[in-house]
Amino acid sequence: MFRRFCLILAAFSFVIPALLGMGAQARAQGNCHNCDLPPGCRGNGNQNGNGNGNKKRNCQRLQIMIESDIDFGRVVLLGDGESRVLLDLATGQKTVIGDIDDLGGMPVTGRAVITGAPFEQVILNLPGEVAMRDPTGGNARLRDFVTDLDGFPRLDEGGRLEFRFSGTLVIEAETSASGNLRGRVPISVEYP
């Protein structure tokens, strides 16, 4: 049996948790209160200059700005098996695996910038899986997120860190509709 329908996978939106509705640049939110402040700047008495060594400490809050969303371009599902679409972080090249074919479009990996206190280490949290949907009933999953960050990312001397990210688009056999699939990817960043 030959099953064919088009899945147009355009750029999808990203949301930083607890900041829905804010602009592209937003304050980062972590798992703990004030984790968007560097260690040593989180308590009430740490910025008062009373001899605790924090007079000259840069207590800048973390911010994350998404500069480009992930876009998988266009693909068509040809058969009944599970299919996957991957984007290479370095080149942006699209690879299709399974009963799927590439119909073109311009694939784009996600790009983001974190700003905060210079030379501080940061922890980036990406979800395990995100549901992608279309108003007409189309669906897929985005999982296996990757970044080009090393194991212990650190802000540079200007308090800035740029990175690329992507995930694997998984289209299952029971996908029953086509469409322009979108999903929200919660990304959070915090100081350790």
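Below, the structure is looked at part by part. (Residues numbered from 1 in each chain as written. Predicted model: local features only at pLDDT ≥ 70, side-chain atom pairs only at ≥ 80, totals over all residues. Heavy atoms only, no water.)

**Looking at the overall build of the protein chain**
So, step 1. Counting secondary structure elements, the protein chain contains 0 helices and 16 strands.
So, step 2. Each of the 192 residues in the protein chain was classed as buried or not, and the buried ones make up 44%.
So, step 3. Summarising the internal contacts of the protein chain: among those between residues at least 6 apart in sequence, 73% fall at separations of at least 24.
So, step 4. Counting only carbon and sulfur atoms, one obtains 48% of the accessible surface of the protein chain, whose full area is about 9,800 Å². (Helix = DSSP H or I, 4+ residues; strand = E, 2+ residues; numbered from the N terminus. Buried < 20%, exposed > 50% of the residue type's maximum accessible area, 1.4 Å probe, protein only. Contact = heavy atoms within 4.5 Å. Areas by Shrake-Rupley, 256 points an atom, 1.4 Å probe, with all protein chains shown as cover.)

**A few points about the state of the cysteines**
So, step 1. Counting across every chain of the model gives 1 disulfide.
So, step 2. Put simply, cysteine 41 and cysteine 59 are joined by a disulfide, and their sulfur atoms are 2.0 Å apart. The disulfide joining cysteine 41 to cysteine 59 has a torsion of about -70° about its S-S bond and is therefore left-handed. Of this pair, cysteine 41 sits in the loop between β3 (25-27) and β4 (63-68) while cysteine 59 sits in the loop between β3 and β4; the two residues are 18 residues apart in sequence, bridging distant segments of the chain. Of the two residues examined, cysteine 41 and cysteine 59, each falls in the buried class. (Disulfide = S-S within 2.5 Å.)

**Some words on the packing of aromatic side chains**
Two aromatic rings, taken as a pair, are described by how far apart their centres are and by the angle between their planes.
So, step 1. Within this structure, the stated rule accounts for 1 aromatic pair.
So, step 2. Ring centres of phenylalanine 163 and phenylalanine 165 lie 5.9 Å apart, and the angle between their planes is 45°; on these two criteria the pair is classed as tilted. Residue phenylalanine 163 shares its accessibility class with phenylalanine 165, and that shared class is buried. (Phe/Tyr/Trp six-rings, centres within 6.5 Å; stacked < 30°, edge-to-face > 60°.)

**Some points on the environment of isoleucine 97**
So, step 1. With respect to the secondary-structure elements, isoleucine 97 resides in strand β7 (residues 94-97).
So, step 2. Residue classification places isoleucine 97 among the partly exposed positions, given a relative accessible area of 43%.
So, step 3. On a C-alpha basis, the gap between isoleucine 97 and valine 170 in space is 9.6 Å, while along the polypeptide they are 73 residues apart.

**Quick word on unusual backbone geometry**
So, step 1. If you check the backbone angles, phenylalanine 119 has positive phi at about 65° while not being a glycine.
So, step 2. With respect to the element layout, phenylalanine 119 can be found in the loop between β9 (110-115) and β10 (123-125).
So, step 3. The phi torsion at aspartate 144 lies on the positive side, around 55°, for a residue other than glycine.
So, step 4. Structurally, aspartate 144 is set in strand β12 (residues 139-147).

**Things to note about the pairing of β12**
So, step 1. The sheet contact formed by strand β11 (residues 129-133) and β12 spans 5 bridges and is antiparallel. Counterpart to alanine 131 in the pairing with β12 is arginine 141.
So, step 2. Pairing analysis gives 5 bridges linking β12 to strand β13 (residues 160-171), with the strands arranged antiparallel. Bridging from a neighbouring strand, threonine 147 pairs with phenylalanine 165 of β13. (Pairing = 2+ DSSP bridges.)

**Topic: the pattern of salt bridges**
So, step 1. Across all of its chains, the model carries 9 salt bridges by this definition.
So, step 2. Between glutamate 82 and arginine 84 there is a salt bridge; the shortest N-O distance is 2.8 Å.
So, step 3. With relative accessibility at 40%, the residue glutamate 82 sits in the partly exposed group.
So, step 4. According to the relative accessible area criterion, arginine 84 is partly exposed, its value standing at 24%.
So, step 5. The residue arginine 141 makes a salt bridge to glutamate 172 at a minimum N-O spacing of 2.3 Å. In this pair, arginine 141 sits in strand β12 while glutamate 172 sits in the loop between β13 and β14 (179-180), placing the two residues 31 residues apart along the sequence.
So, step 6. Given the relative accessible area of 16%, arginine 141 is considered buried.
So, step 7. One network of salt bridges, in which partners are shared, links Glu82, Arg84, Glu129, Arg141 and Glu172. (Salt bridge = Lys/Arg side-chain N within 4 Å of Asp/Glu carboxyl O.)

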